[in-house]
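Coordinates in review
Each chain, written out:
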Amino acid sequence: MKLTLHIWRQKSPNHVGRMVRYEHNNVNPHMSFLEMLDVLNEELIAKGEEPVAFDHDCREGICGTCGFMINGVAHGPQPATSVCQLHMRHFKDGAVLYIEPWRAKAFPVIKDLVVDRSAFDRILAAGGFISVSTGSAPDGNVVLVPKRKADLAMDAAACIGCGACVAACPNAAAALFTGAKISHLGLLPQGQPERYQRVMNMVAQVKVEMFGSCTNIGECEAVCPKEIRLEVIARMNRDYLFGSWTGRAEVVRAGE
Amino acid sequence: MELRSKIPGGPIEKRWDQHRFDLKLVNPANKRKYHVLVVGSGLAGASASASMAELGYNVKCFCFQDSPRRAHSIAAQGGINAAKNYQNDGDSIYRLFYDTVKGGDFRARESNVYRLAQISLNIIDQCVAQGVPFAREYGGLLANRSFGGAQVSRTFYARGQTGQQLLLGAYQALLRQVRAGQVTMLPRTEMLDLIVIDGKARGIVTRNLITGKIESHLADAVVLGTGGYGNVFYLSTNAKGSNCTAIWRAHKHGAAFGNPCFTQIHPTCIPVSGEYQSKLTLMSESLRNDGRIWVPKKKGDARPANQIPENERDYYLERKYPSFGNLVPRDVASRNAKAVCDEGRGVGEGGLGVYLDFADAIKRLGKQGIRERYANLFDMYERITAENPYESPMRIYPAIHYAMGGLWVDYNLMTTIPGLYAIGEANFSDHGANRLGASALMQGLADGYFILPYTIGDYLATAKLEKVDSSHPIVRDAESCVAKQTNRLLEIRGKRTVTSFHRELGKLLWDECGMARNEAGLKRALQRVPELRDEFWQNVNVLGGGEELNQALENAGRVADFLEFGELMCLDALRRNESCGCHFREEYQTPDGEALRDDANFSYVAAWEYAGPGRSPILNKEPLAFEYVHPSQRSYK
């Protein structure tokens, strides 16, 4: 297969980036998208050009490290698939592909296709946990969890934190990501004591990080490699409303 | 070198309790005066960081990924063992202990394994309380399944993503301490050297992967939770970034390396498809519960699977091991797959594959039944190979998966350098020569949540550490060594890429020190690895600069260490003149081709000591005693 690639090249956060065109004549349909870029990079190094930087690690679709836009779609054309699991057989010989990093104010570009997603860690650090210190847990079967609840919690907990939802959203909102963690913990009995405080703290942090507001467009759900559903945003909004009415005095404003 | 394992005496079920009582405690008010560095943020590193921070220690945690949540523990699929006996099927702490010692082919320490089995109970409780969404029965109780050939159902799981959910639990506990100011998290930061002052580990030198800044961090103790070295083989199920740099550089400062030749090969991975292949993908072992493994009886049979009639198929595991059949342990399943492929009966392109066939299971359970059990795995297989496993059998082949070897540690998880600890896959651990399925997650969390937080206190309470600061000449020296090596890599500007060296090293080691090893092959490898290493330092081409994000430079440093470590692995394999668990020396096998242990001469942990550049490492032996589980020939027939 032969491909024409237009790839975003940007040396550092302080440099101006631009699209650079590469002709790639050495593509095997069984390669994954990242392996296709590996081969391109080997060729670039042989020519004395710096390879394209992109984030990746497990290449099994679970670590959430990889991700970029292919022709304007986060993680490319195959549904429920991150770019490491996307294979070249899904593209036509001679295709022209535009490859760009996630675009969001909260995810500044570090180099080429690599962005800084540390805002996600800070959102979770604001409350995306259950406060239980090591050693103080009761027996695992003391608190029963209805199977239906456990399954719904697991659906939400499957989020890999890749950032595709933010990149796909016209507002660059982090609602699907934040809602997923709020759903996961809020559905379980273990998550109840901190449920409303958690949502208030996390949403406050989302605002500090300069993510946009959710307007229920649904692009996030369409590109999510783990098929996280929009209902997690509904749960977040419901808990946020409830939390705002009942617990205002306790709201911690991020930054204070 | 003196190896003091510090294994307590007395009855095995009392040893850990007694030991905990004997350990010195640090007064709560004094804990806040101590600083601990934790390198790695996987199950072991994140759980240790969180637990020590909860106790009041000041923790700095480092990872090379962009977030601690990316650590490769996340990719574990199957589950985590615990001797809860919730299923009332005869499980007990003693049985989990027994299975693990036997499964490890009698090359693990009994006391450590017993402790692991005891702690397995607390781990499940802790994870449930953190909100890990384990699978549940309709009544709301925890569900279990049997796994990896165990005869009891003791595996807890969260769909096919148990590692992910356990890691997110530990990561969330870690973030809670970050929020509390008790942990400082440094992502995209790679440890490149260890600082040892007055014989004690006092800090590390790191490179900031974004800015290239080289910095030192000083503390009272250093913990390595940096995972295994499987990527020395280039192709493995490990993440691309997984590496041995931290443990290897600690080894060069005096930490003994335990059993480096014990590497586990997982039998059910998707076969290699071409030269460009960058990693291998595991298909959960649970598939062997319903799939039947076979190859054609005839050599070079090129017919598609469904055109090969039943009587021309060889279900070789069922034939050779009638009682365990397709569920034999990983090492046995892997070796047999290699054997039939070596006979020329392998399937698929290149002949390196065997069929894993679900046709009978589909007949028995229906497509829907199979979909309920394995849908995500079948989808993943189809995504990668473009073949539909509901219609034609899967093709699988073994791949490097886990390192049982690692830094040698005593019962307190301390290496031979005082103040330096190794936890999780990074230590030589509790799995002997072969790890059982669903035991890696258990060990990582046992070390991090429940062992290290106690044992490190004993060291801190008694070590009498002098104050050191970054102006210390050893610290300065370590920083400049790291800077020098970085510059050296950038200045070579040779003709070959880092990846081409890594791929060649991996192929060599897979051929000579992979599933089966022999003296001649290991000697070939021991000659070739140093040659390749010399060529690397003359002819590698790393473009770009050192003061920016430079992924080729990061990789070059890691491959440079693999090129040194690979030699030690082969040497260990050569010196262990027996077969045990995953270490199969072709010269030592029973008449029917099974591993032949030599307990009289090799019932020891090989703890290798670094002797300086260009000098042969020194082999120290920690003898293993088996008071409870008596060594026997493993039989699965």
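Thresholds, definitions, all that
Residues numbered from 1 in each chain as written. Chains lettered and ligands numbered in written order. Predicted model: local features only at pLDDT ≥ 70, side-chain atom pairs only at ≥ 80, totals over all residues. Helix = DSSP H or I, 4+ residues; strand = E, 2+ residues; numbered from the N terminus. Buried ≥ 20, exposed ≤ 12 C-beta atoms within 10 Å, placed from the backbone. Contact = placed C-beta atoms within 7 Å. Rg over C-alpha atoms; globule rule 2.2 N^0.38 Å. Domains from an automatic or database assignment. Nonpolar A, V, L, I, M, F, W, Y, C, P; charged D, E, K, R; others polar. Core = buried A, V, L, I, M, F, W, Y, C linked by C-beta atoms within 7 Å. Pairing = 2+ DSSP bridges. Axes fitted to C-alpha atoms, helices over the stretch in contact; angles between N-to-C directions. pLDDT = per-residue confidence, 0-100. Parallel < 35°, antiparallel > 145°, perpendicular 65-115°, else oblique. Left-handed = near helix turned anticlockwise from the far one by under 90°.

Turning next to the overall build of chain A. When helices and strands are counted, chain A shows eight helices and seven strands. Principal-axis analysis of the C-alpha atoms gives chain A an extent of 60 × 40 × 35 Å. By the burial criterion, 53% of the 256 residues in chain A qualify as buried. Long-range contacts, defined as pairs at least 24 residues apart, comprise 73% of the intrachain contacts of chain A with a sequence gap of at least 6.

Attention shifts here to the overall build of chain B. Helix and strand content of chain B: 16 helices and 19 strands. Over its C-alpha trace chain B gives a radius of gyration of 24 Å, about what one expects of a compact globule, namely 26 Å for 637 residues. Principal axes of the C-alpha set define a box for chain B whose edges measure 75 × 60 × 50 Å. Residues counted as buried form 58% of the 637 residues belonging to chain B. In chain B, the share of contacts with a sequence separation of at least 24, taken over all contacts with a separation of at least 6, comes to 73%.

This part takes up the domain arrangement of chain B. Residue and element names in this part refer to chain B. The assigned domain composition of chain B is domain 1 (12-74 + 101-133 + 160-263 + 403-462), domain 2 (265-401) and domain 3 (473-609). Between the C-alpha centres of domain 1 and domain 2 the distance comes to 35 Å. Domain 1 puts 11 residues into the contact, and the matching count from domain 2 is 19 residues. Split by residue class, the side of domain 1 that touches domain 2 holds two nonpolar, eight polar and one charged.

Time to look at the nonpolar core. Generally speaking, nonpolar side chains in soluble globular proteins are found buried as a group. Of all hydrophobic cores here, the largest spans 280 residues; its most connected members are Val166 of chain A together with Val36, Val223, Leu224, Leu407 and Tyr421 of chain B. A total of 13 residues in this core trace back to one element, the largest contributor, which is helix H15 (residues 551-575) of chain B. For Tyr421 of chain B, the contacting residues outside a window of four places in its chain are Ala221, Val223, Leu224, Leu413, Met414, Thr415, Leu452 and Ile456 of chain B.

Sheet strands line up and pair through hydrogen bonds in the backbone, either parallel or antiparallel. Strand order across the open sheet formed by four strands is E16-E10-E18-E19 (chain B), with antiparallel pairing between neighbours. The sheet is open, and its two edges are formed by strand E16 (406-407) and strand E19 (618-623) of chain B, each paired on a single side.

As a further point, take the domain arrangement of chain A. Residue and element names in this part refer to chain A. Domain annotation for chain A reports domain 1 (3-110) and domain 2 (117-250). The C-alpha-based centres of domain 1 and domain 2 are spaced at 29 Å. Taken residue by residue, the interface counts 18 residues in domain 1 and 17 residues in domain 2. Class assignment for the residues of the side of domain 1 that touches domain 2 results in 10 nonpolar, six polar and two charged.

Another point: the sheet that holds strand E9 (residues 221-224) of chain B. All names here are of chain B. Pairing is parallel in the open sheet, where five strands are placed in the order E5-E2-E1-E9-E17. Two strands lie at the open edges of the sheet, namely strand E5 (183-186) and strand E17 (420-422), each paired on one side alone. Sheet twist, expressed as the average angle between the axes of neighbouring strands with direction ignored, equals 20°. Relative to E5, strand E2 (residues 58-62) is paired through four bridges, and the arrangement is parallel. Looking at E5, one finds that Lys60 is bridged to Thr184. Across the face of the sheet, helix H11 (residues 440-462) comes into contact with strand E1 (35-39), E9 and E17 while running at roughly 150° to E9.

The next point concerns the interface of chain B and chain A. Contacts between the two partners involve 63 residues from chain B, matched on the other side by 65 residues from chain A. Looking at the side of chain B that touches chain A, the elements with two or more residues in it are helix H3 (43-55), helix H5 (110-130), helix H6 (162-179), helix H10 (359-385), H11 and H15 of chain B. Top element by residues in the side of chain B that touches chain A is H6 of chain B. It accounts for nine residues. The class makeup of the residues in the side of chain B that touches chain A is 26 nonpolar, 23 polar and 14 charged.

With 100% of its residues at a pLDDT of 70 or more, chain B shows a mean pLDDT of 95. The ipTM, which scores confidence in the relative placement of chains, is 0.97 for this predicted complex, and the corresponding pTM is 0.97.

Residue and element names in this part refer to chain B. Here helix H4 (residues 93-103) crosses H5 at 135°, and the two axes come no closer than 8 Å. In terms of orientation, H4 lies oblique with respect to H5. As for the relative orientation of H4 and H5, their crossing is right-handed in sense. Counting all contacts with H4, which are made through Ile93, Leu96, Phe97, Thr100 and Val101, the residues of H5 involved are Glu110, Val113, Tyr114, Ala117, Gln118 and Ser120.

Residue and element names in this part refer to chain B. Contact geometry of helix H14 (residues 519-539) with H15 gives a least axis separation of 9 Å together with a crossing angle of 165°. When the axis of H14 is compared with that of H15, the two are roughly antiparallel. Seen along the crossing, H14 lies across H15 with a hand that is left-handed. Contact with H14, carried on its side by Glu519, Leu522, Lys523, Ala525, Leu526, Val529, Pro530, Leu532, Arg533 and Phe536, involves Ala560, Leu563, Glu564, Gly566, Glu567, Cys570, Leu571, Ala573 and Leu574 of H15 and no other residues of that element. For the contact of H14 with H15, the residue count by class is 13 nonpolar, one polar and five charged.

This next bit is on the environment of Ala201 of chain B. Mapping Ala201 of chain B onto the fold places it in strand E7 (residues 200-208). Those residues in contact with Ala201 of chain B that lie beyond four places of it in its chain are Leu194, Val196, Ala221, Val222, Ile417, Gly419 and Leu420 of chain B.

Moving on to the environment of Leu174 of chain B. Residues and elements named next belong to chain B. Relative to the elements of secondary structure, Leu174 occurs in helix H6. Leu174 gets classed as buried once you count the C-beta atoms within 10 Å, which come to 32. Sequence separation of Leu174 and Ser51 is 123 residues, and the distance between their C-alpha atoms is 8.2 Å. When sequence neighbours within four positions are dropped, the list of residues in contact with Leu174 reads Ser41, Ala46, Ser49, Ala50, Cys61, Pro68 and Val183.

All names here are of chain B. Where E7 meets strand E8 (residues 214-218), five bridges bridge the pair, whose relative direction is antiparallel. Looking at E8, one finds that Gly203 is bridged to Leu218. In sequence, E7 turns back onto E8 through a hairpin of five residues, with Gly212 there showing a positive phi of about 80°.

So, on to helix H2 (residues 118-125) of chain A. Burial of H2 of chain A is extensive: six of the eight residues sit out of reach of the surface. Those residues of H2 of chain A that fall on the buried side of the exposure criterion are Ala119, Phe120, Asp121, Ile123, Leu124 and Ala125 of chain A.

With that out of the way, let us pick up unusual backbone geometry. Look at His75 of chain A: it is not a glycine, yet its phi comes out positive at around 65°. Among the structural elements, His75 of chain A can be located in the loop between strand E4 (73-74) and strand E5 (96-100). Not every positive phi belongs to a glycine, and Arg159 of chain B is a case in point at roughly 45°. Along the polypeptide, Arg159 of chain B turns up in the loop between strand E4 (155-156) and H6.

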